Amino acid sequence: MDLTDSQIERYSRQILLQELGGEGQERILAARVLVAGEGLALPIAARYLAAAGAGEIGLASGAGGDVLAADIHALNPEIRVTLHSAESPSQELVSGYDLLVAVSLGSSLRDHLNRGAVATGCPVITGACDGDHGFVAVLDPARGGGCLACVEWPSLGTAVKPLTPALAGAVGTLLATEALKAITGIGDPLTRRMLRIDARSSAYTTAVVQHRPSCLICRVT
Ligand SMILES: [Zn+2]
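Presented here is a report on the structure given in the accompanying data block. (Residues numbered from 1 in each chain as written. Predicted model: local features only at pLDDT ≥ 70, side-chain atom pairs only at ≥ 80, totals over all residues.)

## With respect to the overall build of the protein chain
Within the protein chain, the secondary structure is distributed over eight helices and eight strands. A compact globule built from 221 residues should have a C-alpha radius of gyration of about 17 Å, and the protein chain, at 17 Å, falls within 12% of that. The 221 residues of the protein chain split such that 45% are buried. Considering only intrachain contacts with a sequence separation of at least 6, the fraction spanning at least 24 residues in the protein chain is 70%. (Helix = DSSP H or I, 4+ residues; strand = E, 2+ residues; numbered from the N terminus. Rg over C-alpha atoms; globule rule 2.2 N^0.38 Å. Buried ≥ 20, exposed ≤ 12 C-beta atoms within 10 Å, placed from the backbone. Contact = placed C-beta atoms within 7 Å.)

Here's what the structure looks like:
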């Protein structure tokens, strides 16, 4: 893929990043990312991915998905945006994408998307806010280390509102950052680790995510 003049102009600031360059930008433009879930971090992650030039963004975000799709199109008309129903069969929902960004998932949607990601071998960037804590994790169950069902989420899915919408903003931008790292292969990804942000103390800690032996979804057969 050769970058057009308008693409070079639009993405010039990140193309100038030494590690990224034109080759990295081409990888981003070729990327297909499904952004699914709910909450304040979701549109932020989707918008930053669109601004970076992620070529195809699928949205499975329930109410407001059409508004977000229009926002993305206005932000970057080059991006292809596809709206999905979160209730679509799990493999159908995830297949066709290189990466799943799963945000603030309640237990039923988490299970649904997880089954699709494991079945299709799709890596997962996931995150949420819970009160004054934010969480971001990168999972790649097809290559070991556990799936969304293996993660010990503190109390995710209980619809606890973040301490401040700004915390959701931090989670959303970190989700987009990890997605872009996964797409371009740049940096040290958070793979098989969970980053925990304590907004009150400003402590950032990471913990390893491991395959849970009793997990029936990503078990090794
Ligand atoms: Zn698992």
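## Remarks on the nonpolar core
In terms of nonpolar packing, the biggest core is built from 65 residues, with Leu100 and Val101 touching the most fellow members. Here the element with the most residues in this core is helix H8 (residues 165-184); it accounts for ten residues. Residues in contact with valine 101, not counting those within four places in the same chain, are Val33, Leu34, Val35, Ala45, Ile125, Leu175 and Ala179. (Core = buried A, V, L, I, M, F, W, Y, C linked by C-beta atoms within 7 Å.)

## A few points about the packing of helix H4 (residues 41-52) against H8
It is at 7 Å that the axes of H4 and H8 come closest, and there the two elements cross at 40 degrees. Viewed along their axes, H4 and H8 adopt a mutual orientation that is oblique. Between H4 and H8 the crossing geometry is right-handed. Of the residues in H8, those in contact with Ala41, Ile44, Ala45, Tyr48, Leu49 and Ala52 of H4 are Ala168, Gly169, Val171, Gly172, Thr173, Leu175, Ala176, Ala179 and Leu180. (Axes fitted to C-alpha atoms, helices over the stretch in contact; angles between N-to-C directions. Parallel < 35°, antiparallel > 145°, perpendicular 65-115°, else oblique. Left-handed = near helix turned anticlockwise from the far one by under 90°.)

## A look at the pairing of strand E8 (residues 203-208)
Taken across its six residues, E8 has zero buried, putting it largely on the surface. With six bridges connecting them, strand E7 (residues 193-198) and E8 associate as antiparallel partners. Pairing of aspartate 198 across the sheet is with alanine 203, part of E8. Hairpin connection, E7 to E8: the antiparallel pair is bridged by four residues, and serine 202 has positive phi, about 60 degrees. (Pairing = 2+ DSSP bridges.)

## Focus on the sheet that holds strand E2 (residues 56-60)
The pairing of strands in a sheet happens through backbone hydrogen bonds and is either parallel or antiparallel. Pairing within the open sheet is mixed, and its eight strands lie in the order E3-E2-E1-E4-E5-E6-E7-E8. Edge positions in the sheet fall to strand E3 (80-83) and E8, since each of these pairs with one other strand and no more. Adjacent strand axes in the sheet meet at a mean angle of 15 degrees when their direction is disregarded. Here strand E1 (residues 32-37) runs beside strand E4 (residues 99-103); their pairing, made up of five bridges, is parallel. Of the residues in E4, the one forming a bridge with leucine 34 is leucine 100. Strands E1, E4 and strand E5 (124-130) of the sheet are contacted by helix H7 (residues 107-120), whose axis makes an angle of about 170 degrees with E4. In the packing of H8 onto the sheet, contacts are made with E1, E4, E5, strand E6 (133-139) and E7, and the angle to E5 comes to roughly 170 degrees.

## Topic: the environment of threonine 206
Note that threonine 206 resides in strand E8. The spatial distance from the C-alpha of threonine 206 to the C-alpha of methionine 194 is 5.3 Å, given a sequence separation of twelve residues. Ignoring sequence-local partners within four residues, the contact set of threonine 206 consists of Arg193, Met194 and Leu195.

## Here we look at the pairing of E5
The buried fraction of E5 amounts to seven of the seven residues, a majority that puts the element mostly inside the structure. For the handedness criterion, the β-α-β arrangement of E4, H7 and E5 is classed as right-handed. With seven bridges connecting them, E5 and E6 associate as antiparallel partners. Note that in E6 the partner of isoleucine 125 across the bridge is valine 138. (Right-handed = clockwise from strand over helix to strand, strands pointing away.)

## A word on unusual backbone geometry
Positioned with a positive phi, arginine 192 is a non-glycine residue whose angle comes to about 60 degrees. For arginine 192, the position within the fold is in the loop between H8 and E7. On the neighbour-count criterion, arginine 192 (19 C-beta atoms within 10 Å) is partly exposed. Within the chain, serine 202 stands out as a residue other than glycine whose phi angle is a positive 60 degrees. Inspection of the secondary structure puts serine 202 in the loop between E7 and E8. Judged by the 7 C-beta atoms lying within 10 Å of it, serine 202 falls in the exposed class.

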